[in-house]
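Each chain, written out:
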Amino acid sequence: MHTFTQILAEELQPALGCTEPIAIAYCAAVVRKTLGAMPEHMDIATSGNIIKNVKAVTVPNSGGMKGIEAAACLGALAGRDDLVLEVLSCVDDEARAKAAHLVDSGVCSLSLAKDVPSLYIDITGRAGDHSVRCTVAGEHTNITHLEKDGTVILDKKARCATSDNQDKADRSQLSVCRIIDYAKSVGIDEIAPILERQIECNVAIAKEGLSRKYGVSVGRTLLTHYDAGDVRIRARAMAAAGSDARMSGCPLPVVINSGSGNQGLTVSLPVIEYARAYGKSHEELLRALALSNLTAIHQKRYIGPLSAFCGAVNAATGAAAGICFLLGGSDDEISQTITDVLANVGGIVCDGAKPSCAAKISSALEAAILSYEMTKEGNCFKRGEGLVGRDIEATIESFGRVGREGMKETDNEILKIMLEE
């Protein structure tokens, strides 16, 4: 019980904007703080997956700027590293104007880091005769190396979602069976503060995304051209609208899942909409959200933080499991729902963070809701059909292996194409 609650507390953190540019801003803010001055130049080396996820997404509180340079300059100028994933929440107009000037002046030099973790950021800032180097790896705020003027201040191994470390709760204890048992029996007071923040933040940004045009307005389109009275449509629209706003630089925070705001929106908002539609109690909703969040985290443990396997699939799978649990599904039905989602859309490609993430969320949730309804009717995909394994754990592990190992070359090819562009 304590371990699973700790996992929720560790994973469900508020973040402002897309977490990859925020990680760059955080790293740059640490560089400036340690340097004691605004860097005159910054050498920035990142993994391909960071480049992929920062290239086309609007940096929050930037006034519409995109890219690694914008995130780094804003972080160095006005970032507060003590706010962690909300590092850019205090940026003002003056800082935005200065950041735009710095980006144009070429204060940043960019390079692709090779043979590094999929989530990797290394920034060296120089001012006068002094320099600071900060490395973030494995997780968005995990500083693995910090040095000033050649003197090492901190050096440690990178964390990653597929490895155990003593600082965090043991994810290897997760299984669908244990997650279901936890959701049924955990003391509600233990999880309420964690999950109520997720409800508050994620509903707020979804409503903002529906209130006016962001990105390509996937959420608004769903409610305009489909039956807005259908909970299936509203579930997809709310999650998509949150992503519409977030990918376009909306300064409202999102409570993330598995290091991703889009996954945090996808795993929570559909469950919230179903709870409202079916008149479920607050406690029933919280228990369903505990299950949906942990189910998504369980899947990502096998894949890792960043890959070519779209995380919306994992989150939508968690949402489908949460909906099934919320509406009285049996343990077997929850497991089968997870299987049916993965067997359907376990292969949507991640080609970076951008407005089309909202559409991928909508598509993944459409498949998730279909899978739940198939399961209710007893229409299920069977062992041996594609990657469906002997049981739910084998199935999750198989799709995780595809995302972690099988799609490495796909990830490389996506990056090559994006760099050509």
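Rules behind the numbers
Residues numbered from 1 in each chain as written. Predicted model: local features only at pLDDT ≥ 70, side-chain atom pairs only at ≥ 80, totals over all residues. Heavy atoms only, no water. Helix = DSSP H or I, 4+ residues; strand = E, 2+ residues; numbered from the N terminus. Rg over C-alpha atoms; globule rule 2.2 N^0.38 Å. Buried < 20%, exposed > 50% of the residue type's maximum accessible area, 1.4 Å probe, protein only. Contact = heavy atoms within 4.5 Å. Pairing = 2+ DSSP bridges. Axes fitted to C-alpha atoms, helices over the stretch in contact; angles between N-to-C directions. Salt bridge = Lys/Arg side-chain N within 4 Å of Asp/Glu carboxyl O. Expected span 1.5 Å × (residues − 1). Phe/Tyr/Trp six-rings, centres within 6.5 Å; stacked < 30°, edge-to-face > 60°. Parallel < 35°, antiparallel > 145°, perpendicular 65-115°, else oblique. Left-handed = near helix turned anticlockwise from the far one by under 90°. pLDDT = per-residue confidence, 0-100.

Draft legend 1. Fine view of the overall build of the chain. The helix and strand inventory of the chain stands at 16 helices and 8 strands. In terms of overall size, the chain behaves like a compact globule, its C-alpha atoms giving a radius of gyration of 21 Å where 421 residues would be expected to give roughly 22 Å. For the chain, the spread of C-alpha atoms along the principal axes amounts to about 70 × 45 × 45 Å. By residue count, 58% of the 421 residues in the chain fall in the buried class. In the chain, once contacts between residues fewer than 6 apart in sequence are set aside, the share between residues at least 24 apart is 74%.

Draft legend 2. Structural view of the sheet that holds strand E6 (residues 143–148). Taken together, the 6 strands give an open sheet; going across it, the order is E3-E2-E4-E5-E6-E7, and neighbouring strands pair in mixed fashion. Of all strands in the sheet, those bounded by a partner on one side alone are strand E3 (108–112) and strand E7 (151–155). Pairs of neighbouring strands in the sheet enclose a mean axial angle of 10 degrees, with direction left out of account. Sitting on the sheet, helix H2 (residues 19–35) is in contact with strand E2 (41–46), strand E4 (120–127), strand E5 (130–137), E6 and E7, with an inclination near 30 degrees to E4.

Draft legend 3. Inspection of the pattern of salt bridges at higher detail. A full pass over the atoms with the stated rule returns 23 salt bridges. In this structure, Glu 273 and Arg 276 form a salt bridge, with 3.5 Å as the shortest nitrogen-oxygen distance. With Glu 273 and Arg 276 both in helix H10 (residues 261–277) and 3 residues apart, the pair spans about one turn of that helix. Through salt bridges with shared partners, a single network forms among Glu 10, Glu 11 and Arg 171.

Draft legend 4. Fine view of the pairing of E4. The buried fraction of E4 amounts to 7 of the 8 residues, a majority that puts the element mostly inside the structure. Bridge analysis of E2 against E4 gives 6 bridges, and the strand direction is antiparallel. In the sheet register, Met 42 faces E4, and the bridge partner there is Gly 125. Across 8 bridges, the pairing between E4 and E5 is antiparallel.

Draft legend 5. Structural context of H2. The end-to-end C-alpha distance of H2 is 24 Å, a good match for the 24 Å that 17 residues give at a rise of 1.5 Å each. In terms of residue burial, H2 counts as a mostly covered element, since 15 of its 17 residues are buried. At the C-terminal side of H2, Gly 36 shows a positive phi close to 80 degrees.

Draft legend 6. Representation of the packing of aromatic side chains in the model. Under the criterion given, the structure shown has 2 aromatic pairs. With centroids separated by 5.5 Å and ring planes inclined at 65 degrees, the aromatic side chains of Phe 4 and Tyr 182 adopt a geometry described as edge-to-face. Linking Phe 4 in helix H1 (residues 2–11) with Tyr 182 in helix H6 (residues 176–185), this pair joins segments that are 178 residues apart in sequence. Both residues of the pair, Phe 4 and Tyr 182, belong to the buried class. Ring centres 6.0 Å apart and planes at 5 degrees place the aromatic pair Tyr 274 and Tyr 278 in the stacked group.

Draft legend 7. Structural view of the packing of helix H13 (residues 331–345) against helix H14 (residues 357–376). For the pair H13 and H14, interaxial distance at closest approach is 8 Å and the crossing angle is 135 degrees. As summarised for this structure, H13 and H14 are arranged oblique, according to the angle between their axes. When the axes of H13 and H14 are compared, the crossing they make is right-handed. Touching Glu 333, Gln 336, Thr 337, Asp 340, Val 341, Asn 344 and Val 345 of H13 are Ala 367, Ala 368, Leu 370, Ser 371, Tyr 372, Met 374 and Thr 375, all from H14.

Draft legend 8. The side chain of Thr 295, seen in detail. Tracing the backbone through its elements, the reader meets Thr 295 in helix H11 (residues 282–303). Apart from the residues within four sequence positions on either side, Thr 295 is in contact with Ile 179, Gly 318, Ala 321 and Ile 338.

Draft legend 9. Local environment of unusual backbone geometry. A positive phi angle, close to 50 degrees, is found at Asp 149, a residue other than glycine. When you line up the elements, Asp 149 lands in the loop between E6 and E7. The exposure class of Asp 149 is partly exposed, given its relative accessible area of 37%. Residues other than glycine seldom take positive phi values, yet Ser 258 does so here, at roughly 55 degrees. In this fold, Ser 258 is placed in the loop between strand E8 (253–255) and H10.

Draft legend 10. Here's a closer look at the confidence of the model for the chain. For the chain, per-residue confidence averages 93 on the pLDDT scale, and 98% of positions sit at 70 or higher. Across the chain, the element-wise mean pLDDT spans from 86 in helix H16 (residues 408–420) up to 98 in H6. Every residue in residues 161–165 scores below 50 in pLDDT, and together they form 12 contacts with partners more than four places removed in sequence or on other chains.

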